[in-house]
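Okay, here's what each chain looks like letter by letter:
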Amino acid sequence: MIFDAEVLQITILSLQISALATGVSLLIGLPLGTLLAQSKFPGRSFFLSMVNTGMGLPPVVVGLFVAMMLWRSGPMGDLKLIYTPTAIIIAQVVISFPVVTGLTAAALQALDPRLKLQLYGLGASRLQMIWMLWKEARLPLLAALMAGFGSVISEVGASMMVGGNIRHQTRVLTTAIVLETGKGNFDIAIALGILLLTITFLVNWALTWIQQRGAQR
Amino acid sequence: MKKSLITIKNLRVKRGQKVVLRVEKLDIQRDEVLAVVGPNGAGKSTLLLTLARLLKPEQGEISFNGAQAQIESDTMYRRRIALVMQDPLLFDTSVFENVASGLRFRGVDRDEILVKVPLWLGRLGVSHLSKRRASQLSGGEAQRVSLARALVLEPELLLLDEPFSALDPPTRSSILDDLGLLLKETSTTTLFVTHNLPEAVQLADRMAVVIDNRLQQIGAANSLFERPATDEVARFLNLRLMPQSV
């Protein structure tokens, strides 16, 4: 039952959506977190507080706001993205990029502040300096990646609201579990739950292995 | 008479509203080791950080090799110098990669790196540590690697910010001896910030005394001890070192 074509399709879609959302979150969160950690500008504390608040955004609220934006009558309705995998990715990015941003900022702020001076004092350009700081903070940055992925692979509220849980189109593991539970198919729901947990464990295990290999070298 | 590498005129550096350094005139001569001495918090490191363009002066003029240093971009300017700080601040990688880092920033090709890094590891007596993680080094080893990381760049100006203050006396003495020989051998112009007068006397050709955020006097060690320019300088020198131990 678990290994039938539909479950496989749902699993692959879940992984694709969450991997893409995590990737986009990294693209946004890594530079933004670096900016917040390294620069001094008016309102920096306010932005940091916003990001830290964003780390705890309820997915269902994110789903509501993204759905309002994407509904046919909403400001981005013309894009016809509601109830598509892209809509789920957008919602998941909104959920996970504050996590990646906040943890990136925290990771870089934990480094010795004199490291930046030392890098400049050895002739590093600004980009080389930032690259070296990322390398120095690679272990907590990998933790940020894990947290970002964890926040989206496991969320259900936003995916349900903006994806619609449409069979063969936007049904992912979490929404499938909700559906099967609602139908009283607890055995399938439990099996899908175990599958989701296994996937989450395998991804985090791989990332932890990379992280700890870096720590021991 | 030697030519000046660096000339500073009417320099004033502020942090917030407070003036943290005033230098009316200072020449750093080519090939010399100039020690900047003074009590803690006097403004010694501020001078070094300003010269490294890590602090922006409120006013003043810094000439490098006769040209206005301000004309160059910060990165191009900093690629003519090298900085060693009190803590080695080694990167979390191998010793070899640490020493190669500044060369990589400058885009030096791989073959040259493979020649220069072992050479300078050897000169600092840490060749055997080349493959070791920086985090596994002792304090003395780490500071030797930090010095190799700066000297491999063959900088026009080497900036040392109290690099020995965290080391135990035997290690400090051994590194100081080796560094003194290397600086003479390579004729590296050096600005050496320290609050330790015996270190300054051993390593430097001249000393600049910074007290109360102002450069008070500059000259050879003997002339400073014989003819201190102000009461503050006299008090600092007498407090810190008995003349007979110079």
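Reference entry: report on the structure contained in this document. (Residues numbered from 1 in each chain as written. Chains lettered and ligands numbered in written order. Predicted model: local features only at pLDDT ≥ 70, side-chain atom pairs only at ≥ 80, totals over all residues. Heavy atoms only, no water.)

### Some remarks on the overall build of chain B
Thinking step 1. Scanning chain B from N- to C-terminus turns up 9 helices and 10 strands.
Thinking step 2. The C-alpha radius of gyration computed for chain B amounts to 18 Å, which stays within 12% of the reference 18 Å derived for 246 residues, consistent with globular compactness.
Thinking step 3. Of the contacts made within chain B by residues no fewer than 6 positions apart, 68% connect residues no fewer than 24 positions apart.
Thinking step 4. Carbon and sulfur atoms make up 48% of the accessible area of chain B, which totals about 10800 Å². (Helix = DSSP H or I, 4+ residues; strand = E, 2+ residues; numbered from the N terminus. Rg over C-alpha atoms; globule rule 2.2 N^0.38 Å. Contact = heavy atoms within 4.5 Å. Areas by Shrake-Rupley, 256 points an atom, 1.4 Å probe, with all protein chains shown as cover.)

### Notes on the pattern of salt bridges
Thinking step 1. This model, assessed by the stated rule, comprises 25 salt bridges over all chains.
Thinking step 2. Close ionic contact of A:R114 with B:D87 constitutes a salt bridge, the shortest N to O distance being 2.8 Å. Pair noted here: A:R114 is in helix α5 (residues 114-121) and B:D87 is in the loop between β6 (81-84) and α3 (95-105), and the two residues belong to different chains.
Thinking step 3. Here A:R114 falls in the partly exposed class, since its relative accessible area comes to 31%.
Thinking step 4. The exposure class of B:D87 is partly exposed, given its relative accessible area of 27%.
Thinking step 5. Residues joined by salt bridges that share partners form a network here, namely A:E6, A:R167 and A:R171. (Salt bridge = Lys/Arg side-chain N within 4 Å of Asp/Glu carboxyl O. Buried < 20%, exposed > 50% of the residue type's maximum accessible area, 1.4 Å probe, protein only.)

### Some details on the nonpolar core
Thinking step 1. Membership of the largest hydrophobic core comes to 107 residues, with the highest contact counts inside it found for A:L119, B:I6, B:I8, B:L47, B:L51, B:L159 and B:M207.
Thinking step 2. Other than its neighbours up to four places away in sequence, B:M207 contacts B:L34, B:A35, B:V37, B:L197, B:A200, B:V201, B:Q217, B:I218, B:G219, B:A221, B:L224 and B:F225.
Thinking step 3. By size, the runner-up hydrophobic cluster in this structure holds 18 residues, among which are A:L70, A:V93, A:I95 and A:A158. (Core = buried A, V, L, I, M, F, W, Y, C linked by side-chain atoms within 4.5 Å.)

### Some thoughts on the packing of aromatic side chains
Thinking step 1. Per the counting criterion, the structure on display carries 6 aromatic pairs over all chains.
Thinking step 2. Judged by centre distance (6.0 Å) and plane angle (70 degrees), the rings of A:F46 and A:F47 are edge-to-face.
Thinking step 3. The class of A:F47 is partly exposed, set by a relative accessible area of 43%.
Thinking step 4. Judged by centre distance (5.9 Å) and plane angle (65 degrees), the rings of B:F164 and B:F192 are edge-to-face. (Phe/Tyr/Trp six-rings, centres within 6.5 Å; stacked < 30°, edge-to-face > 60°.)

### Re the packing of helix α1 (residues 5-38) of chain A against helix α6 (residues 126-136) of chain A
Residue and element names in this part refer to chain A.
Thinking step 1. Closest axis-to-axis distance for the α1/α6 pair is 12 Å, and the angle between their directions is 100 degrees. For the element pair α1 / α6, the angle class is roughly perpendicular. Together, L30, T34 and Q38 of α1 and M129, I130, L133 and W134 of α6 make up the contact between the two elements.
Thinking step 2. Broken down by class, the residue content of the contact of α1 with α6 amounts to 5 nonpolar, 2 polar and no charged. (Axes fitted to C-alpha atoms, helices over the stretch in contact; angles between N-to-C directions. Parallel < 35°, antiparallel > 145°, perpendicular 65-115°, else oblique. Nonpolar A, V, L, I, M, F, W, Y, C, P; charged D, E, K, R; others polar.)

### Thoughts on the environment of B:L176
Thinking step 1. Considering the arrangement of structural elements, one finds B:L176 in helix α6 (residues 169-186).
Thinking step 2. Beyond its immediate sequence surroundings of up to four residues, B:L176 is in contact with B:F164, B:E199, B:Q202 and B:L203.

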